[in-house]
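One letter stands for each residue in the lines below.
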Amino acid sequence: MPSLTRIAALIAFSALALSLNGQAAPSSPLSTCSGPISELLSCKYPLKAFGGRVLPRILPNTVPYEKRVMRLTGGLLRLNTTAREPNTGTYSLEWNWMDNEKNLKKTANDVGNFVITAAGQLTFTSMGGTVYKGTLKGGQVAVTGVPLVTDNFSGRAALTFSGK
């Protein structure tokens, strides 16, 4: 009968082998993500709502000198990680809007690092040092405090992303 030390070593080796085969740890909410190679994982979530309201959405005007109407039309949240460390990685968050007056499509983004718990609680830290929170549950990511900036809006926003 094998000793407890040997059993523990076999369990650890099996977990490492699964990780090396591109399988994220079962405790990670990102375990269903895939990538170009099995070691790299990437999740994509299209932007679906602003402030709890489905897109497209006319943005509130927070810039006093800007009178044009802007409409938030979409975006994408990407979470990039590895099978070895699926609970931490990099992110890119993109949002698209339309200048109704000039009929122009515009895009902006935020990038940085994220940490996620097994319960799906996300913490984003942008390259500029801004920190905001989110929750991943059932293929939907709700993010609050996003530093959203467009031609006529500047502020912290609540965004909802869904799907892959």
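Residues numbered from 1 in each chain as written. Predicted model: local features only at pLDDT ≥ 70, side-chain atom pairs only at ≥ 80, totals over all residues. Heavy atoms only, no water.

## Looking at the side chain of asparagine 152
What counts here: Put simply, DSSP marks the helices as runs of H or I at least four residues long and the strands as runs of E at least two long, and each gets a number from the N terminus on. Summary of the burial criterion: residues with accessible area below 20% of their type's maximum are buried, those above 50% are exposed, and those between are partly exposed, where the area comes from a 1.4 Å probe applied to protein chains only. By the criterion applied in these results, polar contacts are pairs of N or O atoms within 3.5 Å in which, for protein atoms, one can donate a hydrogen and the other can accept it, and in which residues neighboring in sequence qualify only through two side-chain atoms. The contact criterion used throughout is that any non-hydrogen atoms of two residues lie within 4.5 Å.
Mapped onto the elements of the fold, asparagine 152 is located in the loop between β9 (140-149) and β10 (154-162). According to the relative accessible area criterion, asparagine 152 is buried, its value standing at 1%. At 3.1 Å, the side chain of asparagine 152 and the side chain of threonine 150 are in polar contact. If we skip the residues at most four places from it in the chain, asparagine 152 touches Leu59, Pro60, Asn61, Thr62, Val63, Glu66, Arg68 and Met70.

## Let's talk about the pairing of strand β4 (residues 70-82)
What counts is decided by this rule: A pair of strands is treated as paired once DSSP finds two or more bridges between them.
Here strand β1 (residues 40-50) runs beside β4; their pairing, made up of 7 bridges, is antiparallel. In the sheet register, tyrosine 45 faces β4, and the bridge partner there is leucine 77. Bridge count for strand β3 (residues 57-58) against β4 is 2 bridges, and the pairing is antiparallel. Across the sheet, arginine 57 pairs through a bridge with leucine 72, a residue of β4. For β4 and strand β5 (residues 88-99), the ladder comprises 10 bridges, and the chain directions are antiparallel. Opposite leucine 79, over in β5, you have tyrosine 91 as the bridge partner. Where β4 folds back onto β5 in an antiparallel hairpin, the turn is made up of 5 residues.

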